[in-house]
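Overview (structure and organization)
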Amino acid sequence: MSFKVFGQLFKILEVDLIRVVNSKDTDRDRSPNGKITLTVRLACCIRFFAGGDAYDIACMFGVSHTSVFLSIDYVIESINDCDALKIEFPSDHNIQREIANGFLKKSTDARFACCVGCIDGIIIWTHKPSKEDCDEVGVSESKFFCGRKHKFGLNMQAVCNHKKQFLDVSILYGASSSDHLSFEVSELRQKKLGRPGFLAEGLCLFGDNAYVNSKFMATPYPNVGSNREKDAYNFYHSQLRITVEGTFGLLINRWGFLRKKAPQQYTVKKTMSAVSAMCRLHNFLIDAGDEKCPSSFTEEDEWSLAVNGAVPFALREG
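Some words on the confidence of the model for the protein
- A residue-level look at the protein finds 88% of positions with pLDDT of 70 or above and a mean pLDDT of 87.
- For the protein, per-element mean pLDDT is lowest for helix H11 (residues 299-308), which scores 46, and highest for strand S5 (residues 204-206), which scores 96.

Looking at the nonpolar core
- Core analysis: the largest hydrophobic core is formed by 87 residues, its most contacted members being Phe 49, Phe 89, Met 156, Trp 255 and Tyr 266.
- Looking at this core element by element, the count peaks at nine residues for helix H10 (residues 268-287).
- Residue contacts for Phe 49: discarding those within four places in its chain leaves Ile 76, Trp 255, Gly 256, Phe 257, Ala 274, Ala 277, Met 278 and Leu 281.

Considerations on the packing of helix H4 (residues 65-81) against H10
- Closest axis-to-axis distance for the H4/H10 pair is 9 Å, and the angle between their directions is 60°. The pairing of H4 with H10 is recorded here as oblique in orientation. Both H4 and H10 take part in a crossing whose hand is left-handed. Where H4 approaches H10, its residues Asp 73, Ile 76, Ile 79, Asn 80 and Asp 81 are matched on the opposing element by Lys 270, Ser 273, Ala 274, Ser 276, Ala 277, Arg 280 and Leu 281.

Things to note about the pattern of salt bridges
- Applying the stated rule across the entire model yields ten salt bridges.
- Notably, a salt bridge pairs Lys 270 with Asp 73, separated by 3.4 Å at the nearest N-O pair. With Lys 270 in helix H10 and Asp 73 in helix H4, this residue pair connects regions lying 197 residues apart in the sequence.
- Residue classification places Lys 270 among the partly exposed residues on the basis of a relative accessible area of 27%.
- With a closest N to O distance of 3.3 Å, Glu 141 and Lys 128 form a salt bridge.

The rules behind the values
- Residues numbered from 1 in each chain as written.
- Predicted model: local features only at pLDDT ≥ 70, side-chain atom pairs only at ≥ 80, totals over all residues.
- Heavy atoms only, no water.
- pLDDT = per-residue confidence, 0-100.
- Helix = DSSP H or I, 4+ residues; strand = E, 2+ residues; numbered from the N terminus.
- Core = buried A, V, L, I, M, F, W, Y, C linked by side-chain atoms within 4.5 Å.
- Buried < 20%, exposed > 50% of the residue type's maximum accessible area, 1.4 Å probe, protein only.
- Contact = heavy atoms within 4.5 Å.
- Axes fitted to C-alpha atoms, helices over the stretch in contact; angles between N-to-C directions.
- Parallel < 35°, antiparallel > 145°, perpendicular 65-115°, else oblique.
- Left-handed = near helix turned anticlockwise from the far one by under 90°.
- Salt bridge = Lys/Arg side-chain N within 4 Å of Asp/Glu carboxyl O.

As structure tokens, this is what we get:
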């Protein structure tokens, strides 16, 4: 994130940050040099999201370890309360058609003009949830375990547009839940897509075979075999659907927080709030033209993650 874009973000969040910080007891949340400025609080949060360690961030900004985590909490609350950063699937048919035209430009040969968004799910990696977490949400710890990926986490359903921005984000179930179930209970499905006339005529979402083909969801043909027409449809369908995979790639590549387990002290609800904030910042950065992300996350980076933290080798000194 450039200094210029950081300044733009601060201006958007300043009012909400002031309100949130003033509502808290900050007597024990001060640096040796006095009151912690709002820009430092925002910088602490951005660096933490990017994969920084709280102790390193504390040394960098001259604040305590506790102040780092308090600042992160304040900024997350401010981001999620900020109307200017809100993620909401557009109900305006003109905006929906603009998105469809954006996907049309991506669709070679097939020229699909009906895609208003691409949907898929991703696992948000967490530690094994505590008994208190499980009791609070009313399910057992097994509901958070994904047998396919062999890790605990949350199922995040997301819809993106042609610019790889999020149109809708829903985190309601643990990692063991299917994409279809997680989507069916989402607000987008229950309160919007199910309402007649919500989508402009002829438009629908593009999803994989984890979802059910319907009037508002286009999925690939299953078991096409030697049927060349169906196979061609699936190919051009995936040409657009892969946009959501690229969106997840940008999100994870930018925010190192998502490349490792959520901090041990993060509850399920706190993790959900943090991820929601990252998705909002993701959209803001694309609008601001700051789309540069760290270099690709390699196997070498994965090996060093436990030792050096989520910082790609290309960005380390030496």
